[in-house]
Amino acid sequence: MACRAGAKRVYAIETEDIIDVARQIAVANGCADRIQFFPSDSRKTELPERVDVIVSDIRGVLPLFKGTLASLQDAKKRFLTPDGVMIPRRDVVKAAIIAAEEIYSGLLAPWSTCVAGTELSIPRRLELNTAHGVRIKFEQLLSKPHELCTLDYLGDPSPNVSNKLSFRAKRGRVAHGICVWFETELYEDIGFSSGPESPVAIYGQLFLPWLEPVVIGEGQEILVTLQANLVGKDYIWRWETETAGADGGNKVHFRQSTFEGTIVSSRTLRRHAIDHIPVLTAEGEAQRFLLGAMDGKASLEEIAKRAAELFPQVYSSQEQAFERASELSRAFSR
């Protein structure tokens, strides 16, 4: 499409093997001579020149997804001309209160009906402190959407967002949590929404469930503090909800976080402690051998044969050692 629009040169960057399908498509459409393919992460790629336009879609359900913002900022800094264009230009993340009885019940069903008389409140709480990808219909919205944040890709958007939102219920109903989506400006007045009011797109929406369903009345105020923080490679979401019960009843106050929905044992946490002294397992020693043997002098077959001989407690056969060596070769070799 860029070639048809008159691009002198296109640089296509993709980490996965699907890039070979792109090569074939380029040949089939007679533009392979103008497209240069880079099977790599953009942050590890060097282009021969700066470009006028960067086109990307590396979102998850939301643009607040893993290292998306860091990748886009790196591309802007190293690849884009001073007057260049980024597509998308900006994303606006929005949120609303929703009714989601079927989804909510589906999340809790395994912990409510599977074994009668068994205490399963712990996994139930884990499930309700998890962000879920869903597809919500427009009629499930119980409030007007409010803006959580705007990500301006020609600026310097922070990967961490926080906002306190005040919602008003449009009608009385049982509410189950918060729905989050995004609206994008691709270029000038061209864009789309992944929200419930739009045609179904590949993204869907993010559902942050409450600890309990809440009966809300028409016009009732619901205060929600939403935070998304990039920690390592993933986002931790926090949502705190405050409202009175219907007709001014008992106050509802939920404080939730996807961190509380993460299953991490004390044994695993100890391995991340600053004073932990790590010692490689037999499997770790075997992997260190495989990586050290990839010095440009031996074939994968030779490396796997030697690994199977040295680490029989790890690799029961040369084929098993070869499979692991192949995985490491794909990830780390040139």
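Here the structure is shown first, and the text comes after it.
Quick caveat, the model's predicted, so the values are computed rather than measured. (Residues numbered from 1 in each chain as written. Predicted model: local features only at pLDDT ≥ 70, side-chain atom pairs only at ≥ 80, totals over all residues. Heavy atoms only, no water.)

Draft legend 1. The arrangement of the overall build of the chain in detail. Of the regular secondary structure elements, the chain holds 8 helices and 14 strands. Relative to its length of 334 residues, the chain is extended, with a C-alpha radius of gyration of 25 Å against a globular reference of 20 Å. With the C-alpha coordinates aligned to their principal axes, the bounding extent of the chain is approximately 75 × 60 × 40 Å. The proportion of buried residues among the 334 residues of the chain is 37%. Across the chain, every contact between residues at least 6 apart in sequence was considered, and the portion connecting residues at least 24 apart equals 73%. About 19,800 Å² of surface is accessible on the chain, with carbon and sulfur atoms providing 53% of the total. (Helix = DSSP H or I, 4+ residues; strand = E, 2+ residues; numbered from the N terminus. Rg over C-alpha atoms; globule rule 2.2 N^0.38 Å. Buried < 20%, exposed > 50% of the residue type's maximum accessible area, 1.4 Å probe, protein only. Contact = heavy atoms within 4.5 Å. Areas by Shrake-Rupley, 256 points an atom, 1.4 Å probe, with all protein chains shown as cover.)

Draft legend 2. A look at the packing of aromatic side chains. Counted by the stated rule, this structure contains 6 aromatic pairs. Ring geometry for Trp210 against Phe254: centres 6.3 Å apart, planes inclined by 45°, an arrangement best described as tilted. Of this pair, Trp210 sits in strand 11 (residues 205-216) while Phe254 sits in strand 14 (residues 249-257), and the two are 44 residues apart along the sequence. Since its relative accessible area comes to 10%, Phe254 is described here as buried. (Phe/Tyr/Trp six-rings, centres within 6.5 Å; stacked < 30°, edge-to-face > 60°.)

Draft legend 3. Structural detail: the pattern of salt bridges. This model, assessed by the stated rule, comprises 18 salt bridges. With its nearest N and O atoms 3.0 Å apart, the salt bridge here joins Asp74 to Arg78. Placement of the pair is Asp74 and Arg78 together in helix 2 (residues 68-79), with a separation of 4 residues, close to one helical turn. Glu285 is paired through a salt bridge with Arg288; the nearest N and O atoms lie 2.6 Å apart. With Glu285 and Arg288 both in helix 6 (residues 282-293) and 3 residues apart, this pair spans about one turn of that helix. Because the salt bridges share partners, they merge into one network encompassing Arg89, Arg90, Asp152 and Glu185. (Salt bridge = Lys/Arg side-chain N within 4 Å of Asp/Glu carboxyl O.)

Draft legend 4. The nonpolar core, seen in detail. Leu64, Ile178, Val180, Trp210, Leu226 and Trp237 are the most contacted members of the largest nonpolar core, which has 59 residues in total. Tallying contributions element by element places strand 11 first for this core, with 7 residues. The contacts of Trp210, once residues within four sequence positions are left out, are Ile97, Tyr104, Leu128, Ala175, His176, Gly177, Ile178, Ile222, Trp239, Thr241, Phe254 and Gln256. Judged by nonpolar contacts, the second largest core, of 13 residues, contains Ala286, Ala293, Ile303 and Ala321. (Core = buried A, V, L, I, M, F, W, Y, C linked by side-chain atoms within 4.5 Å.)

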